[in-house]
Amino acid sequence: MNEGRERMLRRARIRALLLYWLVLPAAVILSGLVLDALIGWRHWPLSTAVLLVAGLLIAAGILVIQRATADLALLGGGTPAPQDPAKRLVTGGSYAWCRHPMWFGYDLAALGVVLLWRSP
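Predicted model, so just to flag it, every value in this text is computed and none were measured.

A look at the overall build of the protein
In step 1: Along the backbone of the protein there are three helices and zero strands.
In step 2: The N-to-C order of helical and strand elements in the protein reads α-α-α.
In step 3: The C-alpha atoms of the protein give 18 Å as radius of gyration, which overshoots the globular expectation for 120 residues (14 Å, by more than 25%).
In step 4: The principal-axis extent of the C-alpha atoms belonging to the protein is close to 55 × 30 × 20 Å.
In step 5: Going through the 120 residues of the protein one by one, you find that 23% of them count as buried.
In step 6: For the protein, the share of sequence-separated contacts (at least 6 apart) that also reach a separation of at least 24 residues comes to 62%.
In step 7: Approximately 8,400 Å² of the protein is accessible, and the part contributed by carbon and sulfur atoms is 70%.

Overview of helix H1 (residues 2-39)
In step 1: With 38 residues, H1 should cover 56 Å at 1.5 Å per step; its first-to-last C-alpha distance of 53 Å lies within 8% of that length.
In step 2: The largest bend along H1 reaches roughly 35° and is located at Leu19.
In step 3: Inspection of H1 places Leu9, Ala12 and Asp36 among the buried residues, and these make up the whole buried set.
In step 4: A positive phi of about 90° marks Gly40, the residue just after H1.

Here we look at the pattern of salt bridges
In step 1: If you walk through the whole model with that rule in mind, you get two salt bridges.
In step 2: Across the salt bridge formed by Arg7 and Glu3, the nearest N and O atoms sit 3.3 Å from each other. Residue Arg7 and its partner Glu3 are both found in helix H1; the two are separated by four residues, about one turn of the helix.
In step 3: Owing to a relative accessible area of 40%, Arg7 belongs among the partly exposed residues under this scheme.

Observations concerning helix H2 (residues 48-76)
In step 1: Spanning 29 residues, H2 covers 41 Å between terminal C-alpha atoms, matching the ideal 42 Å at 1.5 Å per step.
In step 2: Among all positions in H2, only Val50, Ala54, Leu57, Gly61, Val64, Ile65, Ala68, Asp71, Leu72 and Gly76 are buried.
In step 3: Elements in contact with the buried residues of H2: H1 and helix H3 (101-117).
In step 4: Remark: Gly77 follows H2 within two positions and exhibits a positive phi of approximately 70°.

Analysis parameters
Residues numbered from 1 in each chain as written. Predicted model: local features only at pLDDT ≥ 70, side-chain atom pairs only at ≥ 80, totals over all residues. Heavy atoms only, no water. Helix = DSSP H or I, 4+ residues; strand = E, 2+ residues; numbered from the N terminus. Rg over C-alpha atoms; globule rule 2.2 N^0.38 Å. Buried < 20%, exposed > 50% of the residue type's maximum accessible area, 1.4 Å probe, protein only. Contact = heavy atoms within 4.5 Å. Areas by Shrake-Rupley, 256 points an atom, 1.4 Å probe, with all protein chains shown as cover. Expected span 1.5 Å × (residues − 1). Bend = angle between axes of the 7 residues up to and from the residue. Salt bridge = Lys/Arg side-chain N within 4 Å of Asp/Glu carboxyl O.

Shown next, in the form of structure tokens:
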């Protein structure tokens, strides 16, 4: 029975990985570019400074998300997946300085993508 649960959790984690790291970001980026084209917004020029800030924001967002996931596993005994939620309330680590550090990380990365694609 435990092996079946592990297999279910592994599949759920792979689906979540694909959805949150590939499908949703691609859908948001593509829909934003299509919307920009339909509205007729012009992209601002890409400079080295904009590229640097975009890269830093994306990297910082990914690091915050990874740290929050690790804190959830280490301090809460679970994962972000609903099939294996935290067993304890997590108030330490990244959760001590931000109520929902995963969303904060997603927001940082999204702002970096906006700058990288030069899309208002």
